[in-house]
Amino acid sequence: MSASSLDFVEIGQMLSSIDLNPVQAALQGPNLPLLYEFVSDKNAVHYADRVGFEGYALQFSDETKGIVELEAIDKWGAELASMLYTYRSIARALPTVGGDEAQKRAMYASSFEVLDPVMEGIKQLILFKERVVAKWTTNLGLLIRAEARLCASNSDGAAIPCEALYVQLLSTLDTLALIDALKDTKACLNNDFSVYKRAFQHCRADLPDAQQKDAENTLLQQMLPSRMVMLTALRASVQKLGGYDTVVADMATLAIEHLENEWYLLPTEKHRLLRSAAHALWLLDSPDKGGVNAFHHQRIKRDRFVKWLRRYPIVPLYGDMFANLPSVLERCPNFGTISPTELIARTGREAGARASQYSVTAQLPPLRAQAVDLQSEITQLLRRIDALGGAERCEASLKSRHAHTELALELLELTMCGCRLMSGVAALLHEVLAYKCAHVATDAEMHERARGAEWCDYERALRYNLDGAEKSALVELVATLKDLERCLGHVCGSNERLLCRGVHELTQRFIHQTMGAPTRKAVKYEKRALKTVLMQLRNLSADAGIAKEDIDRLLDEEVIKSKWFKHSENLGYPARAVPPSQTQLWLMRATARALYDERSPHIKGGMMHEAPLSKEIIKEMSAFVSASACFPYLLRLSSTLQELGDVSVLWMREFFLELSQRVQFPISMSLPSILCNHVLANGNSHLLPRLLYTFEAYSDGARRALQTHRQQHLLVEIEAETNLVFDQVL
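Attention in this report is confined to the structure presented alongside it. Every value quoted in this text rests on a predicted model; they were computed, and no experiment measured them. (Residues numbered from 1 in each chain as written. Predicted model: local features only at pLDDT ≥ 70, side-chain atom pairs only at ≥ 80, totals over all residues. Heavy atoms only, no water.)

Looking now at the overall build of the protein chain. Scanning the protein chain from terminus to terminus reveals 33 helices and 2 strands. Looking at the 730 residues of the protein chain, the share that counts as buried comes to 51%. Restricting to contacts in the protein chain with at least 6 residues of sequence separation, those with at least 24 account for 80%. Of the roughly 33900 Å² that the protein chain leaves accessible, carbon and sulfur atoms contribute 53%. (Helix = DSSP H or I, 4+ residues; strand = E, 2+ residues; numbered from the N terminus. Buried < 20%, exposed > 50% of the residue type's maximum accessible area, 1.4 Å probe, protein only. Contact = heavy atoms within 4.5 Å. Areas by Shrake-Rupley, 256 points an atom, 1.4 Å probe, with all protein chains shown as cover.)

Below, the structure is given as structure tokens:
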């Protein structure tokens, strides 16, 4: 071999030893050229594949139909919310009508032509209110009848009401409250409608559908000035139903239970649960004399509500809007029957403790330390997977099913912890901004900080309401969130195969091991009600391979009753990277949750016999239900990370634009620009490497303007401000 060839060999060995992913400081957030999703939608088929699972074709049939209908309403409501939030006055841009009669008529016709398409979109609120009240009330009646059957004297065979329908009703209730809040804060809607109505009166003779438009205008005129018109209509309809109080009280309690058990992942879900818990109490409370008192209802445990509603009195609502939960409770007719301090902090000490909950400087250090440790663990694990040949080859490299399973479960656990940590960081960011917007700087503070300059409400909320330490902490918070998003983004792609493997493993362990003993006991001692449910659960989710004998043995009662089944580890299922479908997971979690519900007969024993489901089994079932709540998010990890890492709230300011009656704020008032200038003002400090993280607000804001709001003017404004700020940095 020649010397030149040896040189090439040495060069090749040297190049192969170079680490292509060196550990170095990151200067900006992740930039994904391609968004990859294992599952495109959380409910892409609307549970239509439910009929393919034997034994479940009729179970939850009506509830499933109701859930799908309410999900469609939520989607429609999200579109209306986006339209209302980004709505800006058109009438202010129209010229004043003047001149002779011909000129006036032409100007009115032009104004009507401009305003009519916009008003047609606003008129959807009328149909939305009617449809959501009808669907919400209908599905509430379904739960009322199910609850009545359960409470009947012979209720052993009655099914537990579907918890998923309760959750969906809470979501739709919050959507309705959001639409109400957006409508009530947009004064420009009334102004534009007045101009539109005036123009319509001058043009109606030329319109073929003038009579229909006149009727719609009358309904819209009654709706726009009225506050909380949608929630009020819903409460009037709900309180006509007999037995509504029991179901609505359970609904409010379920929202608190979800918060206590962390059966959510996204910050928006956490804040929605808090808002819907307060609105459910308002919906439950009756203004009639002798009616339902929400605060003394037997199913409302006030201490559980106190813990959460006093801890989070201010929660984000939409964009730069916030919800004041104490105000929601104070609107309840029977709020005066309890001590106000029980649910609302009144003393200075309590107010101080509440403020510390929203203090970014106090909450950041532990979150940052957890993020550093977690990123180190995930990086080490991913390097280990790469050393084994990647996710697709590591099973062959390990030569052991157990080792491969433990590797998949470790990655699943770390990814789940990372997503929950991202959720905590993102929730803190949103909550801090909402608290600042709700508690603006006082007049005395403004005179001191503004130094005689003119100021508006937006500056009172953010620019002059943040000190230097808080600005530094916000920069660090955004950087921490984006670092976590980048680190977890390395799990996306081929490594998601291991996540699917971990989800499959946990699902099969639950079916074969956790529920194996109760299934054998129910089959052996012919406990028919429990046996039917457990065998259906086994048929729904158990994996037994593709061999016919394995499939037959899976549901063979003689095999289940045998000693082999009792003493075996039941690990006959194959090791697959195939998670359950969305419908399978929903049915499995719903069935398991119903089995250990407090109203379930399967958890109740007697003087001479123990309960069919022991406390240990119930504990394991509860742990699986809690853990599996995150599975849908992990199976669409890319979109989950994108939503968790979204910091567009730093730029969104449509609420304050409406409040200040301005077209747009200068960049000196923009929070991303303020944070950028703060980093530069600190010179060569620890914040300087974080400079480009402040631009992530513009990137996320542009994506939200395109994908969520679909408003070109927002994208143009964000792009223009980004260029101005970047020029200033240079």
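Grouped together as the largest cluster of nonpolar side chains are 212 residues, with contacts concentrated most on Ile-122, Phe-128, Trp-136, Leu-140 and Met-621. Among the elements that take part in this core, helix α16 (residues 401-438) stands out by supplying 18 residues, more than any other. Aside from chain neighbours lying at most four places away, what touches Ile-122 is Met-83, Leu-84, Tyr-87, Leu-189, Leu-220 and Leu-224. (Core = buried A, V, L, I, M, F, W, Y, C linked by side-chain atoms within 4.5 Å.)

In this section: the pattern of salt bridges. In total, this model carries 43 salt bridges according to the counting rule given. Residues Arg-509 and Glu-406 are paired through a salt bridge, measuring 3.6 Å at the closest nitrogen-oxygen approach. With Arg-509 in helix α20 (residues 496-514) and Glu-406 in helix α16, this pair connects stretches of sequence that are 103 residues apart. Exposure remark for Arg-509: the relative accessible area of 26% places this residue in the partly exposed category. Beyond isolated ion pairs, a larger network of salt bridges with shared partners links Glu-147, Glu-163, Asp-250, Glu-257, Arg-299, Arg-593, Asp-597 and Arg-599. (Salt bridge = Lys/Arg side-chain N within 4 Å of Asp/Glu carboxyl O.)

Our focus in this paragraph is helix α31 (residues 671-681). Counting buried residues in α31 gives 8 out of 11 residues, a clear majority hidden from the surface. Within the span of α31, buried status applies to Leu-671, Pro-672, Ser-673, Ile-674, Leu-675, Cys-676, His-678 and Val-679. Each element contacted by the buried residues of α31 is listed here: α16, α18 (457-463), α19 (468-489), α32 (696-709) and α33 (712-729). Of the residues trailing α31, Gly-683 is marked for its positive phi of about 65°.

This part covers the packing of aromatic side chains. The tally for this structure, following the rule as stated, stands at 15 aromatic pairs. A centroid spacing of 4.5 Å and a plane angle of 15° characterise the contact between Tyr-358 and Tyr-435, whose relative ring orientation is stacked. With a gap of 77 residues between them, Tyr-358 in the loop between α13 (348-357) and α14 (360-387) and Tyr-435 in helix α16 connect regions that are remote in the sequence. Like Tyr-435, Tyr-358 is buried. (Phe/Tyr/Trp six-rings, centres within 6.5 Å; stacked < 30°, edge-to-face > 60°.)

A word on a nonpolar patch on the surface. A surface patch of nonpolar side chains, about 300 Å² in accessible area, is lined by Leu-692, Phe-726 and Leu-730. For Leu-692, the location among the structural elements is in the loop between α31 and α32. (Patch = residues over 30% accessible without salt bridge, like charges linked within 9 Å, V, L, I, M, F, W, Y side chains within 5 Å.)

Let us look at unusual backbone geometry. With phi around 55°, Gln-661 is a residue other than glycine that occupies positive phi space. Relative to the helices and strands, Gln-661 is located in the loop between α30 (654-660) and α31.

Next up on the list: the side chain of Ser-276. In this fold, Ser-276 is placed in helix α10 (residues 267-284). Each residue touching Ser-276, except ones within four places of it in the same chain, is listed here: Leu-170, Leu-173, Asp-174 and Ala-255.

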